[in-house]
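Here is what each chain is made of, one letter per residue.
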Amino acid sequence: MSSLASSRPIRYLPRIVLAATVAFALLYVLVISSPPPVEGGSNWRTTNFGSAIDDPGSFVRVLLDSITFAGALFIVASGFALIFGLMRVVNMAHGAFYLLGGYIAYEIQQTMTGQGFSLSGTEVNTWEWLIPLAVAAPCIAIVGLAVQQSFLRWNQGQELRQALITIAISVIVADQIIAHFPRTTSGAQRFGGNAVDLAWPGWTERFVDFHFSGVTYSLARLVMLAIGVAVGVGLWLWLYRTKTGMVIRAGVDDQTMTSALGINIQKTFAIAFVIGSALAALGAVVWTSQSNIASGQDGQWLLNSLVVVIVGGMGSIFGAAAGAVLYAFVLNFSASYLPTTGSNCCTQYSPIFTFVLIALVLSFRPQGLFGRGG
Amino acid sequence: MNPAAWTRRQQLERAIAFGALVLVVVWPAVGSSYWAHTILVQTFFYGIAASSLIFLSAYGGMVSLAQTALFGIAGVIIGNLATKGGPGGVSKGLHLGWDPTLALVVAILMTTAIGLLFGLVAARSAGIYFLMITLTFSVIATYALGQVTNISGFSGIGGINEYTPGWIGDILEHPNRLYYLALGVAVAVYALIRYVIRTPFGLTLQGVRDDPIRMSSLGYSVPLHRTLAFGFAAFLASLAGILYVWWSGQIAPGNVDLPETINLLAMAVIGGLVRIEGAWVGAFAFIIIQNYVRDFHVPGLSFGGTLFGGSFNTIIGIIFLVIVLVSPDGLMGLWGRIFDSRRGSRWRRTPTQRGPSAPGRGGETTAA
Amino acid sequence: MRRLNLRSWKTGVILAAAVAGLTVAATTSFAASTKPVRVAIMTDCKGGFGFGYELDIGGAQAAFAQYAKGKAKNKAKPSAGMTGINVNGTPIQIVGYGCGNDTVPLAVTETKRLMEKLKADVMIGPLSGDEAVYVANYAKSHPTKTFIIGTAGSQDPTLQLAGKNLFRYHGDGAQWNAGIGEIAYKKLGWRKAAIIMDDYSFGWTSGAGMIADFCGIGGQITKRIFPPLNTTDYAPFVRQLPPPNQIDGYFSAVGGTGTAAMLKAYEQAYGKLDPKKFVGNLFFAFLGADKVVAPKVVGAYVGGFGTAGGLKTKQAAAYRAMVLKTYPKLPTDDGFVYNYYNAGWALVQGLQKSGGQLGAKLNAALPRSIRPGFQVSNGGVLHLDANRQAIQDQYPLQIVKNKDGSIGAAVVGFVPNVGQDFGGLFKKSSPPPGRTQPPCKKVKTPWQGKIKVVKNGVITNQVIK
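The following paragraphs examine the structure supplied in this document. (Residues numbered from 1 in each chain as written. Chains lettered and ligands numbered in written order. Predicted model: local features only at pLDDT ≥ 70, side-chain atom pairs only at ≥ 80, totals over all residues. Heavy atoms only, no water.)

All right, on to the interface of chain C and chain A then. Taken together, the contacts link 39 residues of chain C with 48 residues of chain A. Taken over both partners, the interface formed by chain C and chain A buries close to 3600 Å², and the fraction arising from carbon and sulfur atoms is 50%. Of all residues in chain C, the largest losses of buried area upon contact with chain A belong to Arg-239, Gln-268 and Lys-291 of chain C, amounting jointly to 22% of the total for that side. The tally of links between chain C and chain A comes to 3 salt bridges. Two residues, Asp-197 of chain A and Lys-264 of chain C, come together in a salt bridge whose shortest N-O distance is 3.2 Å. Remark: the boundary between chain C and chain A carries 16 residue pairs in polar contact (both at pLDDT 80 or more). When contributions to the side of chain C that touches chain A are tallied by element, the ones reaching two or more residues are strand S10 (220–225), helix H9 (235–239) and helix H10 (258–270) of chain C. Considering every element that reaches the side of chain C that touches chain A, the biggest residue donor is H10 of chain C, with 7 residues. (Contact = heavy atoms within 4.5 Å. Buried area = accessible area lost by both parts, 1.4 Å probe. Salt bridge = Lys/Arg side-chain N within 4 Å of Asp/Glu carboxyl O. Polar contact = N/O pair within 3.5 Å; in protein donor to acceptor, adjacent residues only side chain to side chain. Helix = DSSP H or I, 4+ residues; strand = E, 2+ residues; numbered from the N terminus.)

Rendered as C-alpha cells:
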C-alpha cells in the first residue's frame, strides 16, 4: 500500500532517515549536549543539564521521572487498551470516568480524615488511601457496566457510532461533575469542578538514596511505578493464565469465531469494560495523589490514553506499556533536554515536539508499534 | 434538472430548499437583525466547515477531526498577514499588513497545502485510526497556536475584521455584506461539492471508500486519492475559517481545542454524516440549541441548573446522544426514513457497509 | 408512518413560505422601550473561574442596590436578579448574565448575545484576561456602547487597545503584584531568584509585575521556566529550577489548577517546601481550600488582587456594610465582588452625571475617580489614568493560619498609587509581557521604598526595610 517507488534502495530511505534521527537524538542526550556556559550565551548544543556524561545525576533523575510517569500513564491507558482491543470500542468517556473516580476518592478521603483545614501527609495512613480507592474503583466499574449494557451492547461493530455515543456521555458526565463536585470543601471552592487533591500515605514522603551521583528520588513516585508494574503483572497473569483471560485474548483475535464456539462473548465484553473502567479510577486515585484533579483534566487524560494506545498498538498489554514508556520518555526528555537558547526556546515546546513525533510514528506504522494489522 | 422527473421526495426537498433560500436572501430586510448577523451567518460558515467533514465521511469514508484545526489555521494565517501594527504591540501576531485580497488567497493556499501535508501523513490509516491521527493534528494545532507566540499566543489575534478586502468593504459598518458573502460562499461550496462527487475523481473516491483493496488492485492509488480529498476538505475548511475571523474579529487557540472539535463533529452528526445538506441543517440546529437552551430549565429536574444542576452542555450532550441512538444518520437520516419506511430500503446514497473502515456500519435495520 | 402526499412542488413552496412568515414574526424582536438603560453583566460560569459567577453578579448588583434603589429578588442568590434599579428617574434593566469559560470563542458568542440579541447598552465585565482582549477589540468597533471591565487582569485592553468606551477601575495582573518583589528583596533577603510562570499571557503579565519590582531594586532573575498550560506532569519543569541550596528563592506565577500540582512536584523533587523561599501570585491565596497544599505555604508572601481583606479603615467598613445589606452571605473582601461592585457604582455615577444619556455622553460622564472601599491614598480616592485604567493601591499578602485553623491570606503591606506603566517600564510601544519581557533591569519603581507595613488590618507608618 506504500505510495513510494518500489525500487529497492529508495524504499528503505524513510527507514534510514528515521533510524538516523533516533540515533542522533540519543547521542545528543547522552554525549553531545553541553550545559549552559558560565559566562552566558548558548549554542545548539546547550541544554539545561548538559549531556548524560556531564551530569549523570540529572540524567538518572529525568529517567526515573519518565519511567514513573509511564507507570501512571500505563494504569489509565491499559483500561482504555483493554476496551479498545477487545471490543473495538473507542471509549471516549474514559476521561470522564477518570475524573469521576478521582472526585469520588477525594470525597471519601476527606470524609475519613475529618473536616479539619489541613491534611498533611503524616496524618494520612495507608487505609485512608486504600479505602477511597476501594470505594471509587467499584463505583466507576458499576458506571462503566451501566453504560456498556445500556448503550454499547446492542450496536456492537458500529465503531463510529459507539465512539459518538461515548463522546456524548463524556460531555454529559463532565458537565454534571462540574455541577456536583467537589462537595466537601467550603465556600467559593465548592462545586464548579474546582481543583482538589488527594494525599499519599505519610510513609511515602521520603527520599530513596540511589547511591549514584548523589541521586535521591521521591518514594511516592516509585510507589506509583510499583503500582503500575503491579497492574501490568496482574493484567498479564489474568490475560495469559486464566480462562477468562484466554477468552478475552481469543475475542481480541477473532470475535466471530469465539462466539461461534459457544462462548458467551457478551459476558466477556462486560467484564472487560468493568475492569477497564476500574483501571481508570485506579489511575485517577494514583495521579490525584501525585498531583491534583480538576475539571478539564478528563480531556487531558483521554488524550493521554489515546496517544498511548495508538502509539503502542491496540489489543495488547505490551503495546500499552510500550506506548506509555515511549510517550512518557519523549515528553519528559524533551522538556529537559531540548536546547535552551534563552527564555524563548525550547523546553516549553515539549508537547508540540511530542505530538509531532507521534504523528510521524503513525505515518510509518499506522497500527502502532505492537499492533497487528491495520 | 427536469422537474417532471423528480421523485416526490426530491420535489419536496427541493421546494423546501428553494423556500429556505428565498427566506435567507430576504431575511436582513424583514427579519431580526440578531438572527441575521449571529445565528444565520454562523450557520453559513459553520455549515461550510461541517460540509468539509461530511464530504470526507460520506464520500471518502474518513471521519476527520482535523477540520476545526484547519479552520483555525486559515484564520490565524489571514490574521497574521492582513492586520497591521508590527509584531507584538497591539496584539500578538506578525501583523504584516499585506493587501487583504492577497492575504486571503495566500491563506487559502497555505491551509490547503497544510491539509495536503496532513493528508499525506494520515492517508494510510483508516477508520478509527484516521480519527485518532486527525485528533493528534488538532492537538498539535492547539499547542502551536497557543505557544508559538510570534504567530498567535493564547489571547490570539484581534481586530481582523477591520482589514477586509476592498471589494467587500467595511463589514463593521455594513454587516449585511458579510451576511450575503457567507450565504454566497455556502451556496457555492454546496454546488462545488455536488459537482466534485460526480467527476471521475469523486467517483473514484467513492470507490476507494467502498472497497480500497479492489480499487488498488484496479490500479488506483488509494493514499493519493485520500490525500487529495483531504486537501479539498482543507480548502473548504479554510473558507469557513476566513469567514469566521471576519465575523468575530478574533482567532485564538480556544477556537481549535478539543471542545470546539467536538462541537463541529456534533454539528455534522446532528445533521447527518451521509448527506451534504446535513451540514447546514446540523449547524443550524446546534447554534439554535446553544443560543436558546441556556435559558431553558427542565421543570422539576433543574436543581439549580438546566437539568440536574448542569449547564446547557448537559442538554446538548443528551440531544447528541438521543440523535446517535435513534438515528445515526442524524436529522437527514430521519428525514430519509420518513420516505423509505414503506419500501423498507435505505436511501440509496448511504455508503455500503463493507469492511471495518466504513463509518456507520450495520445496525440500521433494527432502528425504529 | 403517514406518507406525505403532495401533488406538486408548488405546494411545497407555499408551505415553506408560510413557515417562513411565522418564523419571521416569531423572531423579530419587539422594539425595546428606549427609556431603560440596558445593562449586561458578563462573567464566567464554567471553566477555571466558574466559581466567580455569583460573586461577580452579587458585587455589581449590590452597588445597584446601594446607589440606585435596586431590590434583590433573592438575598442568597444574586443571579436570581434585581428589580427596581433607578438612577434619578432613569430605570436600569439588567438584561442578562454572560456565561463564559475563560476562552475566546465563548466570549465571542456571549458578547454578541448580550450586546446584539439582548441589545445591552452597557457591559460590566468580563472576568478573565483573554476574554477582555476580545471585548476590548469589540468595544473599539462599537463606540456607542460602554464597557466597564469586571476583574480581567490582562494588560492589553487598556495599555494597547484603550478604546474610549472601555474603563477599568482596578489594576491589571502586573499591578496586583506590585511590591512583592521588593518585599522578597528586603524582608526575605533574596538577591538571586528563579521564576516559574504559566506559558501564556496572564502568567507573563503576573510574572512581569514580580520581575519589575524585584529587578528594580537590584535583584537578579537568573532563570525563567515556562510550563505550558494543561501540563499533566510538572516534574520536568520543576527539575529545571535550581535546587534550593543554589538559589535564594522562587517566584511563582503558575495558576489555575497548576499551582497545587507544581508545588507537589517541587516537594517530590527537592524535599519539604520552605515558605520563605516561595513568593506566589494571587493563585496561592486561592489555595485556601486545598487541605493538602495550602498548609505547606503558610508564611509565604503572595501578590494581591487589589483587595485588602480585613483592612480596618472607615471606607472599607462602609463598603462591607453596604454589600452585606443586600447580600448577607457574599464575601465582601473577595476581589471578584469588590471589582464588580466598583464597576457597578461607577456606572451609576456616570448615569447620574449624564442624566441617563448613553453613548459618547455616558463615556464622557463616567467618573475618572471613585472612592472604592480599599483605597487609602489621595484621601481614599482612586484615579483613572489617560487610558481609563485605574491607578490603584495594592496590598501584598501573606498566607497565614487563622484562629479557627483555616488557611487564609492576611494583608502585610501597602503599596500606594500603583499605575499600569510601572513608572515608564510598560508603554504602549513596548513589547507586551512575554517570555523575555520585561528584561531584568534596575529601573526604580515609583513606590520603591514607600511600601508601608500593615499589621492586623491597620496601615502603620513604618516602611518595609
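On we go.
We now examine the environment of Val-31 of chain A. All names here are of chain A. If you trace the backbone, Val-31 turns up in helix H2 (residues 13–32). The partly exposed category is assigned to Val-31, whose relative accessible area is 45%. As a C-alpha pair, Val-31 and Thr-47 span 16 residues in sequence and 12 Å in three-dimensional space. With residues near it in sequence (within four places) discarded, Val-31 still touches Ser-51 and Ile-53. (Buried < 20%, exposed > 50% of the residue type's maximum accessible area, 1.4 Å probe, protein only.)

Turning our attention to helix H8 (residues 201–216) of chain C. Owing to its 3.6 residues per turn, the α-helix brings residues three or four apart onto one side. Residue and element names in this part refer to chain C. Across its 16 residues, H8 extends 22 Å between first and last C-alpha, which sits within 8% of the 22 Å expected from 1.5 Å per residue. The element H8 is largely enclosed, with a buried count of 16 among its 16 residues. Just downstream of H8, Gly-218 is the residue with a positive phi angle, here 120 degrees. (Expected span 1.5 Å × (residues − 1).)

Residues and elements named next belong to chain A. Together, Val-229, Val-233, Trp-236, Leu-237, Tyr-240, Phe-318, Leu-326, Leu-369 and Phe-370 give the surface a local cluster of nonpolar side chains, amounting to about 770 Å² of exposed area. Contributions of two or more residues to the nonpolar patch are made by helix H7 (219–241) and helix H12 (317–337). The leading source of residues in the nonpolar patch is H7, at 5 residues. Inspection of the secondary structure assignment puts Val-229 in helix H7. For Val-229, a relative accessible area of 49% translates into the label partly exposed. (Patch = residues over 30% accessible without salt bridge, like charges linked within 9 Å, V, L, I, M, F, W, Y side chains within 5 Å. Areas by Shrake-Rupley, 256 points an atom, 1.4 Å probe, with all protein chains shown as cover.)

A few words on the packing of aromatic side chains. Residue and element names in this part refer to chain B. Scanning all chains against the criterion turns up 64 aromatic pairs over all chains. With centroids separated by 5.4 Å and ring planes inclined at 65 degrees, the aromatic side chains of Phe-44 and Tyr-179 adopt a geometry described as edge-to-face. One end of the pair, Phe-44, is in helix H2 (residues 33–60); the other, Tyr-179, is in helix H6 (residues 175–196), with 135 residues separating them in the sequence. The exposure class of Phe-44 is buried, given its relative accessible area of 6%. On the numbers, 5.7 Å between centres and 55 degrees between planes, the contact of Phe-45 with Trp-247 is tilted. Residue Phe-45 is found in helix H2, and its partner Trp-247 is found in helix H9 (residues 222–248); the two are separated by 202 residues along the sequence. Judged by its relative accessible area of 6%, Trp-247 falls in the buried class. (Phe/Tyr/Trp six-rings, centres within 6.5 Å; stacked < 30°, edge-to-face > 60°.)

Any functional reading would require information that these geometric values do not contain.
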